Amino acid sequence: MGAFILRRLVQAIIVMVSVAFIAFLLFQYVGDPVVFLLGQDATPEQIRQLRADLGLDQPFFVQFWHFLVNAVQGEFGLSLRQGAKVSRLLGERFPATFELAMVAAVLALLVGVPMGVYAALKRGTFLSQAFMTLSLLGVSLPTFLIGILLILVFSVWLGWLPSFGRGETVQFGWWSSGLFTWDGWLHVILPAITLAVFQLTLIMRLVRAEMLEVLRTDYIKFARARGLTDRAIYFGHALKNTLVPVMTITGLQLGGLIAFAIITETVFQWPGMGLLFIQAVTFADVPVMAAYLCLIALIFVVINLIVDMLYVVVDPRLRVAKAGGH
């Protein structure tokens, strides 16, 4: 396990350095930060002086090294649009994105897994076919359209739920949470459903496919020959082995929920990192864009590492294979 973790850490460092290099290139090819800071009317002397102060007159790889050192410390400079430290802006927006992604992930699991199990065990029934049809719609419909339809039905027509914003929040130090107020829960329902639909259908179809595959294996036939009940076979053996690949996919999708919540946050004006990134792209706010890329890469790397470790812990076959040198 120690060698496995070390190997994964080395891979993670390589990935992070590569992403940092791509983020650094934004400073070189997406606008000139000096022009953004001084404006179009700046004199050549002012431009040269600011370049020297920012270290932009140094060689390329020297600048990249300074960028890496600052990135490790969580420093990406000042936002060109808001004039505030990028680390503070991301720190303020991260709780909103994280809570939205977690609520969507829990919703996708709580609904997707039972639907997948039912669709596998009750093949050919009306409800099973209805689940499969809904899953096709969930995969096919774009996220922004789902969000707009939910707003139209539950906010405009019925007036049950708010259509934008995060609602009332509670502050715990630097962390703000809307999950401890009723108004916060009302605001998170629609964006969480919108974000969860695609993940829910993916999990449902994956659980169904894996469940059908496991039910055809020899040890399930042996369990039936031993006289075990259907409940013990389905939930004690089949579902347990089905959830191993589901756990892997779900872990990876959690990073995707955080990274790709941009559209959902834009539709619902959710004050998270995705909305901040869209605003940064519109204004060519390079420091915010670079910091967002590095943070998302870090989230993916950490989640991948955790999932890989859990995969080895949960699946004994991998431990046996590693012990045998395969």
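Note that the structure is a prediction, hence the values are computed from the model and not measured.

Cut-offs used in this document
- Residues numbered from 1 in each chain as written.
- Predicted model: local features only at pLDDT ≥ 70, side-chain atom pairs only at ≥ 80, totals over all residues.
- Heavy atoms only, no water.
- Core = buried A, V, L, I, M, F, W, Y, C linked by side-chain atoms within 4.5 Å.
- Buried < 20%, exposed > 50% of the residue type's maximum accessible area, 1.4 Å probe, protein only.
- Helix = DSSP H or I, 4+ residues; strand = E, 2+ residues; numbered from the N terminus.
- Contact = heavy atoms within 4.5 Å.
- pLDDT = per-residue confidence, 0-100.
- Axes fitted to C-alpha atoms, helices over the stretch in contact; angles between N-to-C directions.
- Parallel < 35°, antiparallel > 145°, perpendicular 65-115°, else oblique.
- Left-handed = near helix turned anticlockwise from the far one by under 90°.
- Salt bridge = Lys/Arg side-chain N within 4 Å of Asp/Glu carboxyl O.
- Expected span 1.5 Å × (residues − 1).
- Bend = angle between axes of the 7 residues up to and from the residue.

Participant: Where do I start with the nonpolar core in this structure?
Facilitator: For soluble globular proteins, the rule of thumb is that nonpolar side chains tend to be buried together. By size, the foremost hydrophobic cluster in this structure holds 66 residues, and its most contacted members are F67, M211, M273 and I296. By residue number, the principal contributor to this core is helix α5 (residues 86–121), which donates 16 residues. Setting aside residues no more than four positions away along its own chain, M273 makes contact with L90, R93, F94, T97, I258, E265, Y292, L295 and I296. Membership of the second largest hydrophobic core comes to six residues, among which are I146, L150, I151 and L190.

Participant: How do you make sense of the confidence of the model for the protein chain when you look at a structure like this?
Facilitator: As a note on interpretation, predicted positions should not be read in detail where pLDDT is low. When pLDDT is averaged across the protein chain, the result is 82; 92% of the residues are at 70 or more. In the model of the protein chain, helix α14 (residues 316–323) stands out as the element of lowest mean pLDDT, 52, in contrast to helix α7 (residues 143–157), which has the highest, 92.

Participant: It is not clear to me how the packing of helix α6 (residues 126–140) against helix α8 (residues 182–215) should be interpreted in this structure. Could you clarify?
Facilitator: Angle between the axes and distance between the axes: these two values describe a pair of packed helices. The geometry of α6 relative to α8 is characterised by a closest axis approach of 8 Å and an angle of 135° between their N-to-C directions. The angle between α6 and α8 places the two elements in the oblique class. Where α6 crosses over α8, the handedness of that crossing is left-handed. From α6, F131, M132, L134, S135, L136, G138 and V139 reach across to α8, where they touch V197, F198, T201, M204, R205 and R208.

Participant: Would you mind showing me how to read the environment of L80 here?
Facilitator: Position of L80 relative to the elements: it lies in the loop between α4 (60–72) and α5. In this structure L80 comes out as buried when scored by relative accessible area, which is 14%. Separated by 159 residues in sequence, L80 and L239 have C-alpha atoms that sit 51 Å apart.

Participant: Would you take a moment to explain the pattern of salt bridges for this structure?
Facilitator: Side chains that carry opposite charge are capable of pairing whenever their charged atoms lie near each other. In the structure shown here, the tally under the stated rule is five salt bridges. Among the salt bridges present, the one from E92 reaches R88, with a minimum N-O distance of 2.7 Å. Here E92 and its partner R88 are both found in helix α5, four residues apart, which amounts to about one turn of the helix.

Participant: Can you walk me through helix α1 (residues 2–29) in this structure?
Facilitator: An α-helical segment advances 3.6 residues per turn. Residues three or four places apart therefore align on the same side. Along its 28 residues, α1 runs 41 Å from first to last C-alpha, staying within 8% of the 40 Å computed at 1.5 Å per residue. Here α1 has its buried residues at F4, A12, A20, A23, F24 and L26.

Participant: Even after reading the chapter, I still don't get α5, so can you show me in this structure?
Facilitator: If you check α5, its first and last C-alpha atoms are 51 Å apart, about what 36 residues at 1.5 Å a residue would give, namely 52 Å. At R93, α5 is bent by approximately 35°, the largest bend along its length, and proline P95 sits one to four residues beyond.

Participant: How do you make sense of the side chain of E99 when you look at a structure like this?
Facilitator: Note that E99 resides in helix α5. Discounting residues that sit within four places of it in the chain, E99 has contacts with R166, W175, S176, S177, G178 and L179.

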